[in-house]
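Working through the structure, step by step
One letter stands for each residue in the lines below.
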Amino acid sequence: AQSVTQLDSHVSVSEGTPVLLRCNYSSSYSPSLFWYVQHPNKGLQLLLKYTSAATLVKGINGFEAEFKKSETSFHLTKPSAHMSDAAEYFCVVRGNEKLTFGTGTRLTIIP
Amino acid sequence: DAMVIQNPRYQVTQFGKPVTLSCSQTLNHNVMYWYQQKSSQAPKLLFHYYDKDFNNEADTPDNFQSRRPNTSFCFLDIRSPGLGDAAMYLCATTKKKGTFSYEQYFGPGTRLTVT
């Protein structure tokens with residue numbers, strides 16, 4: 001069985017400061033991991049994915065994530081937050097053709 | 001642009017009145033999913049089609065049914081909506097080759113209100 005745990009339900013940062021959204025995973029084999037973003041009343045958009053290639057994954061809109069097997073983590077970062085980054089972020093692990101979602105982290109950007 | 005389309009974006013139905021939500025895709029993906037997402041929660045998988053094979057999640061109520069008449073279209077039927085079925089319904093697609101699945105692409109969702 002596999003699962004993901006998002007360690008913060010809500011993160012607030014000031015515009016222009018770094019963003020860190022934390023995710024730990026549990027998987028019995030080498031996982032495929034994803035970060036999705038959801039803006040209010042919208043569908044989910046894929047930010048980035050890890051599928052056992054490079055451990056540092058770059059995504060869209062300046063986001064990146066690092067896969068750390070020793071820490072079973074896949075934290076999402078961005079050097080400088082923008083107002084448009086305010087949204088819900090989901091860390092996701094895939095098994096077969098199914099996704100297991102974390103509970104989500106709501107990111108608020110302070111002007 | 002290739003995409004996943006959901007219609008309508010907003011649907012209001014009455015308690016107990018059947019409703020159908022629609023999803024179409026231009027990605028030619030062989031797997032299509034339906035998720036239910038309630039307010040401030042993660043999406044919950046209801047069922048999926050792998051080609052024509054229907055796969056129901058164990059805890060999906062019988063009130064929820066699905067049809068996939070062809071590769072491009074998939075429908076979610078709620079036979080007798082209750083107030084607890086009010087949610088965002090998300091359609092997603094992926095390509096699966098053998099045992100490997102690519103990432104899922106999501107539609108914009110249909111927000112269902114039950115009055």
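Everything discussed here concerns the structure shown above.
Cis geometry marks the peptide bond from N7(B) to P8(B), where omega comes out at -10 degrees. Following the sequence through the fold, P8(B) ends up in the loop between β1 (4-7) and β2 (10-13). One non-glycine residue, T72(A), lies in positive phi territory at about 45 degrees. For T72(A), the position within the fold is in the loop between β8 (64-68) and β9 (73-78). For T72(A), a relative accessible area of 32% translates into the label partly exposed.

Now for the pairing of strand β5 (residues 44-50) of chain B. Residues and elements named next belong to chain B. The element β5 is largely enclosed, with a buried count of five among its seven residues. Looking at chain direction, strand β4 (residues 31-37) and β5 are connected through six bridges and run antiparallel. Looking at β5, one finds that Y35 is bridged to L45. Hairpin connection of β4 to β5: six residues between the antiparallel strands, including S40 at a positive phi of 60 degrees. Sheet topology places β5 next to strand β6 (residues 53-56); four bridges connect them, and they run antiparallel. For H48, the partnering residue across the bridge sits in β6 and is N55. The antiparallel hairpin formed by β5 and β6 contains two residues in its connecting segment, where D51 sits at a positive phi of about 55 degrees.

With that settled, consider the environment of D59(B). Residue and element names in this part refer to chain B. Secondary-structure assignment places D59 in the loop between β6 and β7 (64-67). Separated by 22 residues in the primary sequence, D59 and Q37 place their C-alpha atoms 15 Å from one another. In terms of polar contacts, D59 uses its side chain to reach the side chain of K44, at 3.4 Å.

The rules we used
- Residues numbered from 1 in each chain as written.
- Chains lettered and ligands numbered in written order.
- Predicted model: local features only at pLDDT ≥ 70, side-chain atom pairs only at ≥ 80, totals over all residues.
- Heavy atoms only, no water.
- Helix = DSSP H or I, 4+ residues; strand = E, 2+ residues; numbered from the N terminus.
- Buried < 20%, exposed > 50% of the residue type's maximum accessible area, 1.4 Å probe, protein only.
- Pairing = 2+ DSSP bridges.
- Polar contact = N/O pair within 3.5 Å; in protein donor to acceptor, adjacent residues only side chain to side chain.

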